[in-house]
Amino acid sequence: AGLADGLTRGIEGFGERVSGALFEPVIRLGVTGLARAGKTVFITSLVANLLDRGRMGGLAAAGEGRILGAYLQPQPDVTLPRFDYETHLAALTGPEPRWPESTRSVSELRLSLRVRPAGMLAGMAGPRNVHLDIVDYPGEWLLDLALLDKDYAAWSREALARAGGRAEGASWCKALAGVDPAAAFDEGQAQRLAAGFTAYLRAAREAGHADCTPGRFLLPGDLEGAPVVTFAPLPEAEGAGRGSLRAEMARRFEAYKRAVVRPFFRAHFARIDRQVVLVDLLDALHRGPLAVEETRRAMADILGTFRPGRNAFLTRLLQGRRVERLLFAATKADHLHHAQHPRLAAIMEAMLREARDRAQYAGADVRGMAIAALRATVEETRRHGGAEVELVRGRVPGGGQAAFHAGELPADPAAILSPARAGAEAWPEGAFGSMRFAPARLGLRAGEGPPHIRLDRAAQFLFGDRL
Ligand code: GDP
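Just so you know, these numbers come straight off a predicted model, no measurement behind them.

Undergrad: Give a description of the overall build of the protein chain that names residues and reports values.
TA: Tallying secondary structure elements over the protein chain gives 17 helices and 11 strands in all. The C-alpha atoms of the protein chain give 24 Å as radius of gyration, which agrees with the globular expectation for 467 residues (23 Å, within 12%). Burial statistics for the protein chain: of 467 residues in total, 41% are counted as buried. Taking the contacts inside the protein chain whose residues are at least 6 apart along the sequence as the reference set, 79% of them involve residues at least 24 apart.

Undergrad: Outline the environment of Ala 339, supporting the account with residue identities and numerical values.
TA: Secondary-structure assignment places Ala 339 in the loop between strand E7 (325-330) and helix H14 (341-359). Spatially, the C-alpha atoms of Ala 339 and Pro 397 are 26 Å apart, while their sequence positions differ by 58 residues.

Undergrad: An account of the pairing of E7 is requested, with residue identities and associated values reported.
TA: Most of E7 is tucked away, with 6 of its 6 residues classed as buried. Judged by which residues are buried, E7 turns out to be covered on both faces: Arg 325, Leu 327 and Ala 329 on one side and Leu 326, Phe 328 and Ala 330 on the other are all buried. Pairing geometry for strand E6 (residues 274-279) and E7, over 6 bridges, is parallel. Bridge pairing in E7 links Arg 274 to Arg 325. Of the strand pairs in this sheet, E7 and strand E8 (residues 366-370) are connected by 5 bridges, and their pairing is parallel. Counterpart to Phe 328 in the pairing with E8 is Gly 368.

Undergrad: Break down the confidence of the model for the protein chain for me, citing the residues and quoting the values.
TA: Per-residue confidence for the protein chain gives a mean pLDDT of 87, with 91% of residues at or over 70. Mean pLDDT values over the elements of the protein chain span from 38, in helix H1 (residues 2-13), up to 98, in helix H17 (residues 455-463). Ignoring residues within four places in sequence, the model shows residues 1-21, a span with pLDDT below 50, making 15 contacts including any to other chains. On the interface metric, ipTM, the complex scores 0.99, and its pTM is 0.89.

Undergrad: A description of the nonpolar core should follow, citing residues and the corresponding values.
TA: Ranked by internal contacts, the top residues of the largest apolar core, which has 119 residues, are Ala 329, Leu 344, Met 348, Ile 371 and Ala 458. Per-element accounting of this core gives the leading share, 9 residues, to helix H10 (residues 245-267). When residues of this core are assigned to domains, at least three fall in each of domain 1 (2-137 + 268-375 + 441-466) and domain 2 (146-265). Residues contacting Ala 458, with those up to four places away along its chain left out, are Val 276, Leu 327, Ala 329, Met 369 and Ile 371.

Undergrad: Summarise the environment of Gly 225; cite the residues concerned and give the values.
TA: Relative to the helices and strands, Gly 225 is located in the loop between helix H9 (215-218) and H10. Among the residues examined, Gly 225 registers 11 C-beta atoms within 10 Å and is labelled exposed. Sequence separation between Gly 225 and Ala 195 is 30 residues, and the spatial gap between their C-alpha atoms is 9.9 Å.

Undergrad: A description of the environment of Ala 61 should follow, citing residues and the corresponding values.
TA: For Ala 61, the position within the fold is in helix H3 (residues 60-63). Note on Ala 61: 24 C-beta atoms within 10 Å, which makes it buried. Residues Ala 61 and Arg 116, spaced 55 residues apart in sequence, show a C-alpha to C-alpha distance of 8.4 Å. Contacts of Ala 61, omitting those with residues within four sequence positions, involve Arg 66, Ile 67, Val 115, Gly 464 and Leu 467.

Undergrad: Could you give an account of the domain arrangement of the protein chain, naming the residues involved and the relevant values?
TA: Taken domain by domain, the protein chain holds domain 1 (2-137 + 268-375 + 441-466) and domain 2 (146-265). Once you take the C-alpha centre of each, domain 1 and domain 2 turn out to be 33 Å apart. In this assembly, 19 residues from domain 1 lie in contact with 14 residues from domain 2. If you list the elements that add at least two residues to the side of domain 1 that touches domain 2, you get helix H11 (281-287), helix H12 (289-305) and helix H13 (312-318).

Undergrad: Explain H12 to me, using residue names and the numbers behind them.
TA: In this model, H12 (17 residues) spans 25 Å end to end at C-alpha, consistent with the 24 Å of a helix rising 1.5 Å per residue. Judged by how many residues are buried, H12 sits mostly within the fold: 13 of 17 residues are covered.

Undergrad: Could you give an account of the sheet that holds strand E11 (residues 401-404), naming the residues involved and the relevant values?
TA: One open sheet holds the 3 strands; their spatial order is E9-E10-E11, and the pairing between them is antiparallel. Strands with a single pairing partner mark the edges of an open sheet, and in this sheet they are strand E9 (377-384) and E11. When the angles between neighbouring strand axes are averaged without regard to direction, this sheet yields 35°. As paired elements, strand E10 (residues 387-395) and E11 share 4 bridges and run antiparallel to each other. Of the residues in E11, the one forming a bridge with Arg 395 is Gln 401.

Undergrad: Before we move on, could you go through the site of the ligand and cite the residues and values that matter?
TA: Around the ligand, 21 residues are found, and the nearest of them are Gly 38, Lys 39, Thr 40, Trp 99 and Ser 102. Considering each element in turn, the shell around the ligand owes the most residues, 3 residues, to helix H2 (residues 39-51). Per-class residue counts for the shell around the ligand are 9 nonpolar, 7 polar and 5 charged.

Definitions and limits used
Residues numbered from 1 in each chain as written. Predicted model: local features only at pLDDT ≥ 70, side-chain atom pairs only at ≥ 80, totals over all residues. Helix = DSSP H or I, 4+ residues; strand = E, 2+ residues; numbered from the N terminus. Rg over C-alpha atoms; globule rule 2.2 N^0.38 Å. Buried ≥ 20, exposed ≤ 12 C-beta atoms within 10 Å, placed from the backbone. Contact = placed C-beta atoms within 7 Å. Pairing = 2+ DSSP bridges. pLDDT = per-residue confidence, 0-100. Core = buried A, V, L, I, M, F, W, Y, C linked by C-beta atoms within 7 Å. Domains from an automatic or database assignment. Expected span 1.5 Å × (residues − 1). Axes fitted to C-alpha atoms, helices over the stretch in contact; angles between N-to-C directions. Near = placed C-beta within 6 Å. Nonpolar A, V, L, I, M, F, W, Y, C, P; charged D, E, K, R; others polar.

Written out as structure tokens, the structure is:
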């Protein structure tokens, strides 16, 4: 075991992580995004399309016929929930297809590929196994990294200012006015304050605000009701010493950082090799300039988490390791006719360039794309008042079909991203439409996964080079 361990460590040092004693490469692929961005659908469709690769021509190893087999295997992390692939796929592909349950917590799935090497090695080496460990986690938890740099007083100041500036925060701020932070601690009051604060964060999230930290207030996982998520920001107060409401809130905030945020980064984040961040850009465009602005900020914050040296705790933790490739993917592109896909991708790339500037992120390993993990629509052209309109048509949740035109995305992203737009409530030329289609009934052919848009390209960028 000593020798094997030494070898494992030696090989890890060269950036190739290996599995057990067999020296099989392992790629840890992180999948994240804010709630409802499409993580669950993405993983389910990706796995189904890797098991049956008929639609994966853009993944070079699949296109070249070098993937000889793919199978699900027991994951290495035995204490982590398994991503419930079978249930999610059954929901999507049943006789009455529905969208699966969304991500609430961390989960993992191991897919192993049997791959024939490419190029020069092809004749010499036999096929080898490559393990893809897919780790699904809420993007909300990633944004918690910023909390590590703050103490309770600084966090409270910022959180209260943010709440004060948002319509959804009004009633919470009003409730706070009657609270004396220096009063003796009372559990009932702490719970009421935390509940009010959580309700405000929920409402802010619903309204499209991206930064709604602490992340576990929205997605507590198994911490629901625990003291470590039962706190709220409070203003500074004279005489708020030991035993006061404020002192206990501060203690819980510190516990949240220590017992929730740090362990998450240690156990999951620090081990990721490749990362995809899903962004529901169409939804933000539909909501208007404020939502787009929030999305820009969230993208910069998320990108910042991956920047080496961003945070002393992370630097110590990562010891020079870093995520090698990072994809920001605008999801649900099937809501648009394909004529508009390049425009969606251009907006995504422009936002990403800007996020890189904001986050001072250097490195050539970041890309933006427009994809649909699961295509729920077909395209259609109709004549309307003498002009041709390009539509997408799909099933609607109540039953039946609907055709839909989201509006024209501008050819120049600057039309959307110009600073002049940032403060406005709505787009001058009216909203981009929004539509919720149900998944299509799939008559899946043998050897083919569910239909998608550019999922194979996304896979190629994320891990194609390792196959
Ligand atoms: P999560 O919270 O990030 O896990 O998000 P989900 O994967 O549960 O997706 C949230 C919702 O977005 C789904 O219920 C669908 O309504 C929609 N959605 C996700 N991916 C797609 C897609 O590729 N195409 C379409 N049309 N809708 C999608």
